[in-house]
Amino acid sequence: MDTLHTALGARGSSAATSTPPLVRPRRLRRSATLRSLVRETVLTPHDFIEPLFVADGISERIPVPSMPGVAQLTIADAVAEAREIASLHIPGIILFGIPDAKDETGTGAYAADGIVQRAVRAIKDAVPDLIVMTDVCLCEYTSHGHCGVISNGEVLNDPTLELLSQTAVSHADAGADVVAPSDMMDGRVAAIRTALDGHGHASTPILSYAAKYASSFYGPFRKAAESAPQFGDRRGYQMDPANAREALHEVELDLEEGADMVMVKPALAFLDILWRVKQMSPVPVGAYNVSGEFAMVKAAAERDWIDGRAVMLEILHSIKRAGADFILSYHAREASRILTWG
Ligand code: PBG
């Protein structure tokens, strides 16, 4: 401590008597125009994918209290929102479905006339140029809320692969542009790739939720999607937030299995992972700015504890700066309006 104080003191006093600094990074910060000229990370509406929730058996939108501006939508609402999203030059959406009935094996997930399948058809029909991604998972469709088939309280890996494959094929049949498995079963990218190829969908890309953590930041989503596990938790299949090397392993496996794009999720508490994945990934890297990250900003802003708009933009810039090629975010529309019109 003493040595440190002495060193700092010595430096302080010599600085006072020495010549003024030659290098002054502040020179480039003196005006908004200069700052914008040298800005390293430029966020645009093209960076975003917006998540939408479509629900079966509802007659009007049901707002999600912990996610201001987000709602469970009817298919008609989802079409209207898709049009608005496209008009803001946001390239795409990712769809989550809430079925009107759940069962042990999540049949609603792979039903040809399931909620997501119908929504994809309607949206692609109305807004053909908007990229429609679908989340491929069973948790919104299973009565127990887990992401796979259960036996003796355990999620079985290999039997689940077959159901995920059927789900992905049914989404592609409906016209989904990209399928995005979020279940974290081992081998699912290869299984889905084989199934898609076998059903005439060799050109449908897979966006793999490759490094998906067992995160508490998914809380508001699980209320919105009615997908909370009815017993236990997801730590038996999603990753331990304490691990980094394992994320790189997951990404490598998904790449070997044929993933066209990989994703890190959540984003904010995992920016180091995003950075590392970006360094090693030959394919585009997405980041999911998840529900809890969104809810924290909205809740604090509502109390006037933070400037919600500024914090939102800072977070989104940080995610892009850390390496995201695109960002899945509930902020997509609000941010895009600000980025376009100020
Ligand atoms: C489905 C899925 C989840 C999210 C995306 N896909 C929830 C979970 O794994 O429990 C979370 C997204 C968010 O929090 O915004 N497995």
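The following paragraphs examine the structure supplied in this document. Quantities reported herein were computed from a predicted structural model and do not represent experimental measurements.

Regarding the state of the cysteines
Phase 1 of the analysis: Per the stated rule, a full pass over the model turns up 0 disulfides.
Phase 2 of the analysis: Among the cysteines around Cys 137, which has no disulfide bond, Cys 147 carries the closest sulfur, lying 3.5 Å off.

Digging into unusual backbone geometry
Phase 1 of the analysis: Here the amide bond leading from Lys 265 into Pro 266 is cis, since omega sits at -10°, within 30 degrees of zero.
Phase 2 of the analysis: Along the polypeptide, Pro 266 turns up in the loop between β10 (261-265) and α9 (271-280).
Phase 3 of the analysis: One non-glycine residue with positive phi stands out, namely Asn 152, at about 50°.
Phase 4 of the analysis: By the secondary structure assignment, Asn 152 is in the loop between β6 (149-151) and β7 (154-156).
Phase 5 of the analysis: Look at Asn 152 and you get exposed, because its relative accessible area is 81%.
Phase 6 of the analysis: In this structure, Glu 226 takes a positive phi of about 50° despite not being glycine.
Phase 7 of the analysis: Note that Glu 226 resides in the loop between α7 (219-225) and α8 (245-256).

Side note on the site of the ligand
Phase 1 of the analysis: Lys 212, Arg 222, Lys 265, Ser 291 and Tyr 330 are the nearest of the 19 residues found near the ligand.
Phase 2 of the analysis: The contact in question runs from an oxygen atom of the ligand to an N or O atom on the side chain of Arg 222, over 2.6 Å.
Phase 3 of the analysis: Lys 265 places a polar side-chain atom, nitrogen or oxygen, 3.3 Å from a nitrogen atom of the ligand.
Phase 4 of the analysis: Look at the ligand: alone it shows 400 Å² of surface, and the protein chains cover 100% of it.
Phase 5 of the analysis: Counting atoms within 2 Å of the grid points, the majority share of the ligand lands in the largest cavity.

Here's the deal with the environment of Ser 291
Phase 1 of the analysis: By the secondary structure assignment, Ser 291 is in helix α10 (residues 291-302).
Phase 2 of the analysis: Taking relative accessible area as the criterion, Ser 291 reaches 1% and is therefore assigned buried.
Phase 3 of the analysis: Separated by 69 residues in the primary sequence, Ser 291 and Arg 222 place their C-alpha atoms 8.9 Å from one another.
Phase 4 of the analysis: Ignoring anything within four residues of it in the chain, the contact list for Ser 291 reads Met 67, Phe 217, Tyr 218, Gly 219, Pro 220, Phe 221 and Tyr 330.
Phase 5 of the analysis: In terms of polar contacts, Ser 291 uses its side chain to reach the backbone carbonyl oxygen of Phe 217, at 3.2 Å.

Rules and cut-offs
Residues numbered from 1 in each chain as written. Predicted model: local features only at pLDDT ≥ 70, side-chain atom pairs only at ≥ 80, totals over all residues. Heavy atoms only, no water. Disulfide = S-S within 2.5 Å. Helix = DSSP H or I, 4+ residues; strand = E, 2+ residues; numbered from the N terminus. Buried < 20%, exposed > 50% of the residue type's maximum accessible area, 1.4 Å probe, protein only. Near = heavy atom within 4 Å. Polar contact = N/O pair within 3.5 Å; in protein donor to acceptor, adjacent residues only side chain to side chain. Areas by Shrake-Rupley, 256 points an atom, 1.4 Å probe, with all protein chains shown as cover. 1 Å grid on protein atoms, 1.4 Å probe; cavity = no way out; pocket = protein on both sides within 12 Å on 5 of 7 lines; lining within 4 Å. Sits in = over half its atoms within 2 Å of the grid points. Contact = heavy atoms within 4.5 Å.

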